[in-house]
Amino acid sequence: MNDRAAAAAERAQHIRQRCDRPSQRRCAEHPNARAAALVPAQIEVRASASAEGTVEFNGYATVYERGYEMWDYWGPYTEIVSAGAGAESLARSDLDVPLVLQHNQLRRIARTTNGSLELAEDDNGLSVRAPALDMSDADVAYIVPKLRAGLLDEMSFAFRILSGQWSPDYTEYRINRYDIHRGDVAIVGYGANPFTEAYARGERPAASSRARALLEIALHR
């Protein structure tokens, strides 16, 4: 019996209801790994005629309807975020979500509450847009060259699961509703979700079997 099947068998014995949330949900085998869905993507930097000294950031904090590996107390399983899972949370009039570096709440570079961060759902997933990051901010100045060089090219989001359900064999967990209020969207190092590709703004390629994520930095001069 492989690790996934063995984990599913143990999970089935210990979970009372299929709607129960995963136990010790995390993104890697190590017990101290962060419980967050991580999305790899590439980036583009290009000149713009807009405000001097700012950059525009676009990306996807997660993709929908694409499975990625997660872990719980018993072992690996596949997690999927349902399309529209964040609609209720994103519709809040008091939505408070920052764009941060590596989930560090003190390294905020944009925030929904002051209009510097825009979040929305589309066919691909949770879209992130910061239209005018200030290059005089030390964290922006730190991260932009790394994004331009391809040293960092992934995103993640921190959230609470409001509702979800296990598959009948307990190998897959589907998140049907999440709450991102007072969570975050983050530029991170390594990711767990391989189902993304990048494209330059205005140059989206034809659909393929892989979900696509856009992570752009548009340099304003």
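From a predicted model like this one, the values you see are computed outputs, not experimental measurements. (Residues numbered from 1 in each chain as written. Predicted model: local features only at pLDDT ≥ 70, side-chain atom pairs only at ≥ 80, totals over all residues. Heavy atoms only, no water.)

As enumerated under the stated definition, the model contains seven aromatic pairs in all. Taking the centre distance of 5.0 Å and the plane angle of 65° together, the rings of Y77 and W166 count as edge-to-face. Within this pair, whereas Y77 is found in strand β5 (residues 75–81), its partner W166 is found in strand β10 (residues 154–166), the two being separated by 89 residues in sequence. A relative accessible area of 1% places W166 in the buried class. Taken together through their ring pairs, the aromatic side chains of Y77, W166, Y170 and Y173 make up a single cluster. Cation over ring: R107 sits above Y142, and NZ or CZ is 5.0 Å from the ring centre. (Phe/Tyr/Trp six-rings, centres within 6.5 Å; stacked < 30°, edge-to-face > 60°. Helix = DSSP H or I, 4+ residues; strand = E, 2+ residues; numbered from the N terminus. Buried < 20%, exposed > 50% of the residue type's maximum accessible area, 1.4 Å probe, protein only. Lys NZ or Arg CZ within 6 Å of the ring centre and 35° of its normal.)

All right, on to the pairing of strand β3 (residues 54–63) then. Two faces make up the sheet, and in a regular strand the side chains alternate between them. Of all the ten residues making up β3, ten are buried; the element is thus mostly covered by neighbouring parts of the structure. Two strands pair when backbone bridges link them, and β3 and strand β9 (residues 125–134) are joined in this way by eight bridges, in the antiparallel orientation. Bridge pairing in β9 places N58 opposite R129. (Pairing = 2+ DSSP bridges.)

Summing up the model confidence of the chain, the mean pLDDT is 81 and the portion of residues at 70 or higher is 79%. Element-level mean pLDDT values for the chain span from 43 in strand β2 (residues 45–48) up to 98 in helix α2 (residues 87–90). Low pLDDT (under 50) marks residues 42–49, which in the prediction has 25 contacts with non-local residues, meaning those over four places away or in another chain. Taken together, the stretch residues 192–221 has pLDDT below 50 and engages in 115 contacts with residues farther than four places along the chain or on a different chain. (pLDDT = per-residue confidence, 0-100. Contact = heavy atoms within 4.5 Å.)

Attention now goes to the nonpolar core. Residues L99, L126, Y178 and V185 are the most contacted members of the largest nonpolar core, which totals 42 residues. Counting residues per element, this core draws most heavily on strand β11 (residues 172–188), at six residues. (Core = buried A, V, L, I, M, F, W, Y, C linked by side-chain atoms within 4.5 Å.)

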